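# Working through the structure, step by step
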Amino acid sequence: QMMKFAWDNYKQYALGKNELRPLTKNGHIGNMFGGLRGATVVDALDTLYIMELEEEFQEAKKWVEKSFDLNVNGEASLFEVNIRYIGGLLAAYYLTGEEVFKSKALELGEKLLPAFNTPTGIPRGWSDLRLCLLGNEGSLFSPCSGMSWSWGWASAGSSILAEFGTLHLEFLHLSELSGNPMFAEKASTSHLILNRVEKPQGLYPNFLSPVTGNWVQHHVSIGGLGDSFYEYLIKSWLMSDKKDSEAKKMYDDALEAIEKHLVKKSAGGLTYIAEWRGGVLDHKMGHLACFSGGMIALGAEHAGEGRKQHYMDLAAEITNTCHESYARSDTKLGPEAFRFDTGTEAMATRLSERYYILRPEVVESYMYMWRLTHDPKYRQWGWEAVKALEKHCRVEAGFSGIRDVYTTTPTHDNMQQSFFLAETLKYLYLLFCEDDVLSLDDWVFNTEAHPLPVNHTNFKAKASVQ
Ligand code: DMJ
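All residue numbers here refer to positions counted from 1 along the written sequence of the relevant chain. Owing to the predicted nature of the model, reporting of local features is limited to residues with pLDDT of at least 70; listing and counting of side-chain atom pairs is limited to 80 or more, with chain, interface and lining totals taken over all residues. Only heavy atoms go into the side-chain values, all of them from the structure, while hydrogens and water stay out.

Formally: UniProt positions are given in the numbering used here, feature names are shortened, and annotations may be inferred rather than shown by experiment.
An unreviewed UniProt entry lists the protein under the name alpha-1,2-Mannosidase, from Casuarius casuarius. Listed under Sequence similarities (unreviewed entry) in UniProt, the entry text for the protein is "Belongs to the glycosyl hydrolase 47 family." The heading Subcellular location (unreviewed entry) in the UniProt record of the protein holds the text "Endomembrane system".

Right, here's the structure in full:
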């Protein structure tokens, strides 16, 4: 019902725009997608499908067929277009077998390639989506300008770990579906370079120069700027049917370094993952970092002898801390960042960190922890989140983020994020489903919660789900 409500309102007031503004009842376009539209449609496709909202899925599919225009001129974030649009289209294709999703994913994949035109092959954050028609030789399309650039605020034109390190899952599937190895090769460059470069204490800083292949700053975070890089290491290995041993080793080593240098316990006994700035710890955890409970649990299964229980315990402790960040607020929703200093534990201390924008990471970890332990507390915690969302984020025309989780009469931010439909509602649904709905043995979720099949021979997973 929550999904139907979110979709119906988007459809009524904002169809074809990227996101719904539920208070003003209009659409939001934003500047991340380089002229592409319908982010919510593409992000919602697989959720509508698995929830068996058949009529709504057909509405979304029809929009993709008739109105999803890839012939756009604009500057797009490689990361955002990849995780939302390519991930969403690929998942919709694998779940339904409908060709339209595959062809749009491949066409869009080609448009992202200019971002990789750098001296190292590490992509920059932004790419020009303009394409020129080439005729019949080779690819039909080719980048017109070959232009790419970095975020204005990223130090010294650097590329961001969580952006160039969050391409593997989708790009491997683009190669699989097109028969063109180039996508996989482009995405794999980062592993080659990251393996070569020296890592301070075994940690991966968040900023790397796409020109020299060296670190630009020593800021390490398992939250924003770093997060999905680690997620894609373990998931690349799982998606390869446990064949990509390089990705597994990178994950194991990274987690060991994170545990050694960043994992701390508060005076009140809460385990958290701090951030690291050139050797100095910042005792802060972002909401984004809360995905790590689920990731560590997913990897624990495959940890070396004697480590499995250790990592399951760590995953449970981190998930518990993230739940505490929800439980200690008046709305029972968690802040954007919470701290463990100045006598505070698991609460925001700065006004600017008190907001909640319908993010999924905490319920994502509940879903993995439930599937991997069947401890009923994870369903109870998920249900607490459902009630809080209904109470504080549901408005007349959709769901909205809130500006302060520490007041029971919060102001709304007037934005129904597309990831609310792609991730938050999907993970909540899966938390209460049987384990064989998108089984973790057969599917990996990209960082926007779009399921991609594990590469069992001939992608058997697709057939079994259909
Ligand atoms: C999503 O777009 C993805 O999960 C991404 O990896 C990080 N953050 C948002 C949701 O919070």
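Once you've had a look at it, read on.
### What about the packing of helix α11 (residues 292-300) against helix α12 (residues 308-327)?
For the record, the criterion: Between N-to-C directions, angles span 0 to 180 degrees; the directions come from axes that are lines fitted to C-alpha atoms, helices contributing only their stretch in contact. Strands are runs of DSSP state E lasting at least 2 residues, helices are runs of H or I lasting at least 4, and numbering of each runs from the N terminus. Should an angle lie under 35 degrees it is considered roughly parallel, over 145 roughly antiparallel, and from 65 to 115 roughly perpendicular; all remaining angles are considered oblique. Handedness of a helix crossing follows the sense of rotation of the near helix relative to the far helix, less than a right angle counterclockwise being left-handed and clockwise being right-handed. In this analysis, two residues are considered to be in contact whenever any of their non-hydrogen atoms come within 4.5 Å of each other. Residue polarity follows a fixed list, in which Ala, Val, Leu, Ile, Met, Phe, Trp, Tyr, Cys and Pro are nonpolar, Asp, Glu, Lys and Arg are charged, and the others, Gly among them, are polar.
At a closest axis distance of 8 Å, the pairing of α11 and α12 adopts a crossing angle of 165°. Relative to α12, α11 is oriented roughly antiparallel. Taken as a pair, α11 and α12 cross one another with a handedness that is left-handed. On the side of α11, the interface is formed by Ser292, Gly293, Ile296, Ala297 and Ala300, while α12 contributes Lys308, Tyr311, Met312, Leu314, Ala315, Ile318 and Thr319. The residue inventory of the contact of α11 with α12, partitioned by class, reads eight nonpolar, three polar and one charged.

### A word on the packing of aromatic side chains
In this description, a pair of aromatic rings is defined by centroid distance and the angle of the planes. Selection rule: Aromatic rings from Phe, Tyr and Trp, taking only the six-membered ring of Trp, are treated as a pair when their centres fall within 6.5 Å; an angle between ring planes under 30 degrees marks them as stacked, one over 60 as edge-to-face, and anything in between as tilted. Residue burial is assigned from relative accessible area. The probe radius is 1.4 Å, only protein chains are included, and a residue is buried under 20% of its type maximum, exposed over 50%, and partly exposed in between. Ring-over charges, as used throughout, are those where CZ of Arg or NZ of Lys falls within 6 Å of the ring centre and within 35 degrees of the ring normal.
With the rule as written, the count across this model stands at 23 aromatic pairs. Consider the rings of tyrosine 49 and phenylalanine 57, whose centres lie 5.2 Å apart with planes at 65°: the pair is edge-to-face. Since its relative accessible area comes to 30%, tyrosine 49 is described here as partly exposed. Three or more aromatic residues joined by ring pairs form one cluster here, namely Phe33, Trp63, Phe68 and Tyr85. Sitting above the plane of the tyrosine 311 ring, arginine 307 keeps its charged end 5.1 Å from the centroid.

### A word on the UniProt feature "binding site: Ca(2+)" (unreviewed entry) in the protein
In plain terms, the rule: Residues adjacent in sequence count toward polar contacts only when both atoms are side-chain atoms; beyond that, a polar contact is any pair of N or O atoms within 3.5 Å, and within protein one must be able to donate a hydrogen and the other to accept it.
If you check UniProt for "binding site: Ca(2+)" (unreviewed entry), the listed places come out as Thr447 in our numbering. Summarising the element assignment, threonine 447 is placed in the loop between β20 (443-445) and β21 (451-453). On the basis of relative accessible area, threonine 447 is assigned to the buried category, the value being 14%. Excluding residues that lie within four positions of it along the chain, threonine 447 makes contacts with Phe79, Ile83, Thr166, Ser228, Glu231, Tyr232 and Glu423. At a separation of 2.9 Å, a polar atom in the side chain of threonine 447 contacts the side chain of glutamate 231.

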